[in-house]
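# Structural features, examined
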Amino acid sequence: MSKKFYVIWKGAKTGIFTSWPEVQSHTAGRPDAQFMGFESKTAAEQAFASTYTKALMARSLSKKSTSSSTSPLNSSAKKSTRKKVTSAPKLATQDADIEIYCDGACSPNPGKSGTGLAVYESKKLTSLYYGLYEANGTNNTAELNGLLSSFQLAEHFIKKHPEKSIKILSDSKYSIDCITKWAKGWQAKGWTRGKGEEIKNLALIQQCFARYQTIKNNITIAHVKGHANIEGNELSDRMAVLARVKQEKTMLRYDGILDIKTILAMESG
């Protein structure tokens, strides 16, 4: 193994270590564990003095990120299949005061999944969120979690700014159609698809639909093309991957600097 120094930010024990088995003993079975390997003691010390999030961003920006992805510490991270962005990301047509982009990431599918949000107020990025990690999730559950989290955040904005328009944008036609088209009919049939056919992800769909019913007159929902260099969609994608990599089960507000170029350089789904 080329990396001889390991940093544990969160685990049974934190610090800098030189033994991979020892790292495993302090992090195994802990979904909130934060750890990473480094090639030199100096690099490890600098990283430990900072935060895991900043170290992860630096790793993503490093030209060595591809070669290091085979390390046991990065076995859950997949090589990005995103096409190189040759131009600045564009904004979708912003016709609402508040816009909430949501996205899900899962690798493999089914497998480790996470959800991300990107929030714009008056056409300006104001916050990012990541979390809802599932060890055995799917693309569809991650996307539905994105809608549910967006509805919850929309409720907050409705109470705080009832006069403002709110739009939720997702690249998942499945999740949008589940809530805005199909759920009403399924409910009328006793939550079946007819002839007693089971509905996949039913509990999550019911939760989303119930929340949607309380706010549908105050929001609009729109489909946005995924991986099309649309800034809000790309940022929510990076947050979804971050949730998967960090195995963060709760939805957290991203506490890093909202530097769009730096965040877009992070691993994509």
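Read on for a plain summary of the structure. (Residues numbered from 1 in each chain as written. Predicted model: local features only at pLDDT ≥ 70, side-chain atom pairs only at ≥ 80, totals over all residues. Heavy atoms only, no water.)

## Some points on the nonpolar core
Put simply, the rule reads: Here, the term nonpolar core denotes a set of buried Ala, Val, Leu, Ile, Met, Phe, Trp, Tyr and Cys residues that are joined through side-chain atoms within 4.5 Å. Buried residues are those whose accessible area, probed at 1.4 Å on protein chains only, stays under 20% of the maximum for their type, while exposed residues exceed 50% and partly exposed ones sit between those limits. Secondary structure elements are defined from DSSP: runs of H or I of at least 4 residues count as helices, runs of E of at least 2 residues count as strands, and each element is numbered from the N terminus.
Counting 32 residues, the largest nonpolar core has Trp9, Leu128, Leu235, Met239 and Tyr254 as its most contacted members. Of the residues forming this core, the biggest block, seven residues, is contributed by helix α8 (residues 231-246). Judged by nonpolar contacts, the second largest core, of 29 residues, contains Cys102, Phe151, Ala183 and Ile199.

## Here's the deal with the pairing of strand β1 (residues 5-10)
Rules: Paired strands, as defined in this entry, are two strands with at least two bridges between them according to DSSP.
Where β1 meets strand β3 (residues 34-38), five bridges bridge the pair, whose relative direction is antiparallel. Across the sheet, Phe5 pairs through a bridge with Phe38, a residue of β3. Relative to strand β2 (residues 15-17), β1 is paired through three bridges, and the arrangement is antiparallel. In the sheet register, Ile8 faces β2, and the bridge partner there is Gly15.

## A few points about the pattern of salt bridges
Worth spelling out the cut-off: Any carboxyl oxygen of Asp or Glu that lies within 4 Å of a side-chain nitrogen of Lys or Arg is treated as forming a salt bridge with it.
With the rule as written, the count across this model stands at seven salt bridges. Of the charged contacts, one joins Asp177 and Lys181 as a salt bridge, the two residues approaching to 3.6 Å between their closest N and O atoms. Of this pair, Asp177 and Lys181 both sit in helix α6 (residues 173-188), separated by four residues, roughly a single helical turn. Between Arg238 and Asp237 there is a salt bridge, with its nearest N and O atoms 2.8 Å apart. Comparing Arg238 with Asp237 shows no difference in burial state: the two are buried.

## A word on the side chain of Asn233
This is how the line gets drawn: Here, two residues are considered to be in contact whenever any of their heavy atoms come within 4.5 Å of each other.
Tracing the backbone through its elements, the reader meets Asn233 in helix α8. Taking the relative accessible area as the measure of exposure, Asn233 reaches 3% and is therefore buried. Beyond its immediate stretch of four places on either side in the chain, Asn233 contacts Tyr101, Asp103, Asp171, Val224, Lys225, Gly226 and His227.

## Quick notes on the sheet that holds β3
Counted only if it meets this: Helix axes use the C-alpha atoms of the stretch in contact, all axes being lines fitted to C-alpha atoms, and the angles between their N-to-C directions lie in the range 0 to 180 degrees.
Ordered in space as β2-β1-β3, the three strands form an open sheet in which the pairing is antiparallel. Two strands close off the open sheet at either side, each with one partner strand: β2 and β3. Strand-to-strand twist in this sheet, taken as the mean axis angle between neighbours without regard to direction, amounts to 20°.

## Some points on the sheet that holds strand β9 (residues 252-253)
Reading across from one edge, β8-β7-β4-β5-β6-β9 is the order of the six strands in this open sheet, with mixed pairing throughout. Each edge of the open sheet carries a strand with a single partner, namely β8 (219-223) and β9. As paired elements, strand β7 (residues 166-170) and β8 share five bridges and run parallel to each other. Within the sheet, the bridge partner assigned to Lys167 lies in β8 and is Thr220. Sitting on the sheet, α8 is in contact with β4 (98-107), β5 (111-121) and β6 (124-137), with an inclination near 140° to β5.

## Comments concerning unusual backbone geometry
Leaving glycine out, the prevailing phi sign among residues is negative, and the prevailing peptide bond configuration is trans. Geometrically, the link from Ser107 to Pro108 is a cis peptide bond, its omega value of -10° lying close to zero. Relative to the elements of secondary structure, Pro108 occurs in the loop between β4 and β5. Cis geometry is found at the peptide bond from Asn109 to Pro110, where omega equals 0°. Assignment of secondary structure puts Pro110 in the loop between β4 and β5. The phi dihedral of Trp191 is positive, around 60°, even though this residue is not glycine.

## Quick notes on the packing of aromatic side chains
Centre distance and the angle of the planes are the two values used to describe a pair of aromatic rings. Heads up, the rule is: Any two of the Phe, Tyr and Trp rings considered here, Trp counted by its six-membered ring, make a pair once their centres fall within 6.5 Å; the pair's planes then place it as stacked at under 30 degrees, edge-to-face at over 60, or tilted in between.
Counted according to the given criterion, the structure contains four aromatic pairs. Relative to Tyr120, the ring of Tyr101 has its centre 5.7 Å away and its plane inclined at 70°; by these criteria the two rings are edge-to-face. You can see Tyr101 sitting in strand β4 and its partner Tyr120 sitting in strand β5, a full 19 residues away along the chain. Taking the relative accessible area as the measure of exposure, Tyr101 reaches 1% and is therefore buried.

## Looking at the packing of α6 against helix α7 (residues 202-215)
We apply this condition: In these notes the angle categories are as follows: under 35 degrees is roughly parallel, over 145 is roughly antiparallel, 65 to 115 is roughly perpendicular, and the rest is oblique. Residues are grouped as follows: Ala, Val, Leu, Ile, Met, Phe, Trp, Tyr, Cys and Pro are nonpolar; Asp, Glu, Lys and Arg are charged; all remaining types, including Gly, are polar.
At a minimum axis separation of 10 Å, α6 and α7 run at an interaxial angle of 85°. In terms of axis orientation, α6 runs roughly perpendicular to α7. Here Tyr174, Cys178, Ile179, Thr180, Ala183, Lys184, Trp186 and Gln187 of α6 come into contact with α7, specifically with Ile205, Cys208, Phe209 and Tyr212. Residues of the contact of α6 with α7, tallied by class, amount to nine nonpolar, two polar and one charged.

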